[in-house]
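# Architecture at a glance
Each chain, letter by letter, is given below.
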Amino acid sequence: EAGVAQSPRYKIIEKRQSVAFWCNPISGHATLYWYQQILGQGPKLLIQFQNNGVVDDSQLPKDRFSAERLKGVDSTLKIQPAKLEDSAVYLCASSELSGSADTQYFGPGTRLTVL
Amino acid sequence: GQQLNQSPQSMFIQEGEDVSMNCTSSSIFNTWLWYKQDPGEGPVLLIALYKAGELTSNGRLTAQFGITRKDSFLNISASIPSDVGIYFCAGTNTGNQFYFGTGTSLTVIP
């Protein structure tokens, strides 16, 4: 079974530039999550989708971050404009059901460095 | 925001030793999960706990859901080199919000 795919694996940009990350969840998984993991910390949930609807985006900095899952499958996370403090690993996860305690399968992440 | 505090922050142990780590919260949680993260990879779920007092094992790993619902413990018996990594607790609070802990870094010395 294919796992959660993310691209790119690494991205280096300058502050004030824009960047987008892509995630392809496990086939058939209804729920998709984006996390931000700053070095030395645990992942922080940014946004949770169930199919193509947003379940929770309470911790998403909406002035600069946006995410979409238009067809209920793939998702993109965008940062515009980026700040130095956005340097982190951005993890995507998916789960079969919608409960947050349901087993989440994580992708390898995209490591973003903002200079 | 909500913070799950893990202790210890890091551990250096000899191969074969047992390991204990814990996770505490200032508020009640309805579920507790334990994950392991290897460098360059996403976290992998080890154990899930759903009821206060619940004790669950997965091979050499045992975790418990504290009866106060504000803490959880993870024990690893007879550690081996591949146990190296960062262990995170996570959980869902009464507001159905999901949080990860601060992590415990484990180093096993052969």
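The paragraphs below set out a description of the structure included in this document. The structure displayed is predicted, hence computed values, not measured ones.

## Digging into the overall build of chain B
Of the regular secondary structure elements, chain B holds 0 helices and 11 strands. Element order for chain B, N to C, with α for helix and β for strand: β-β-β-β-β-β-β-β-β-β-β. Its C-alpha radius of gyration of 13 Å places chain B within 12% of the 13 Å reference for a compact globule of 110 residues. With respect to the three principal axes, the spread of C-alpha positions in chain B is 45 × 25 × 20 Å. Scored against the burial criterion, the 110 residues of chain B give a buried share of 45%. Nonlocal contacts in chain B, meaning residues at least 24 apart in sequence, comprise 54% of its contacts between residues at least 6 apart. With an accessible surface of roughly 5100 Å², chain B has 52% of that area assigned to carbon and sulfur atoms. Put simply, chain B has 5 plus and 8 minus side-chain charges, and the middle of one group is 13 Å from the middle of the other.

## With respect to the state of the cysteines
As used here, a disulfide is simply a covalent bond connecting the sulfur atoms of two cysteines. Residue and element names in this part refer to chain A. If you walk through the whole model with that rule in mind, you get 2 disulfides over all chains. Covalently, Cys-23 is tied to Cys-92 through a disulfide, its sulfur atoms 1.9 Å apart. The chirality of the disulfide connecting Cys-23 with Cys-92 is left-handed, given an S-S dihedral of about -70°. Of the two residues, Cys-23 is situated in strand S3 (residues 19–24) and Cys-92 in strand S9 (residues 88–95); the sequence distance between them amounts to 69 residues. For Cys-23, a relative accessible area of 0% gives the class buried.

## Focus: the pattern of salt bridges
All names here are of chain B. Under the criterion given, the structure shown has 4 salt bridges over all chains. For Lys-36, the salt bridge goes to Asp-38, with nearest N and O atoms at 2.7 Å. Under the relative-accessibility criterion, Asp-38 is labelled partly exposed at 28%. One salt bridge connects Asp-83 with Arg-60, and the closest N-O pair in it is separated by 2.8 Å. Here the residue Asp-83 occupies a position in the loop between strand S8 (71–76) and strand S9 (85–93), and Arg-60 occupies one in the loop between strand S6 (55–58) and strand S7 (61–65), the gap between them amounting to 23 residues. Classification of Asp-83 as buried rests on a relative accessible area of 6%. The exposure class assigned to Arg-60 is partly exposed, which follows from its relative accessible area of 28%.

Rules used in this analysis
- Residues numbered from 1 in each chain as written.
- Chains lettered and ligands numbered in written order.
- Predicted model: local features only at pLDDT ≥ 70, side-chain atom pairs only at ≥ 80, totals over all residues.
- Heavy atoms only, no water.
- Helix = DSSP H or I, 4+ residues; strand = E, 2+ residues; numbered from the N terminus.
- Rg over C-alpha atoms; globule rule 2.2 N^0.38 Å.
- Buried < 20%, exposed > 50% of the residue type's maximum accessible area, 1.4 Å probe, protein only.
- Contact = heavy atoms within 4.5 Å.
- Areas by Shrake-Rupley, 256 points an atom, 1.4 Å probe, with all protein chains shown as cover.
- Lys, Arg positive; Asp, Glu negative; His and termini not counted.
- Charge placed at Lys NZ, Arg CZ, Asp CG, Glu CD.
- Disulfide = S-S within 2.5 Å.
- Salt bridge = Lys/Arg side-chain N within 4 Å of Asp/Glu carboxyl O.

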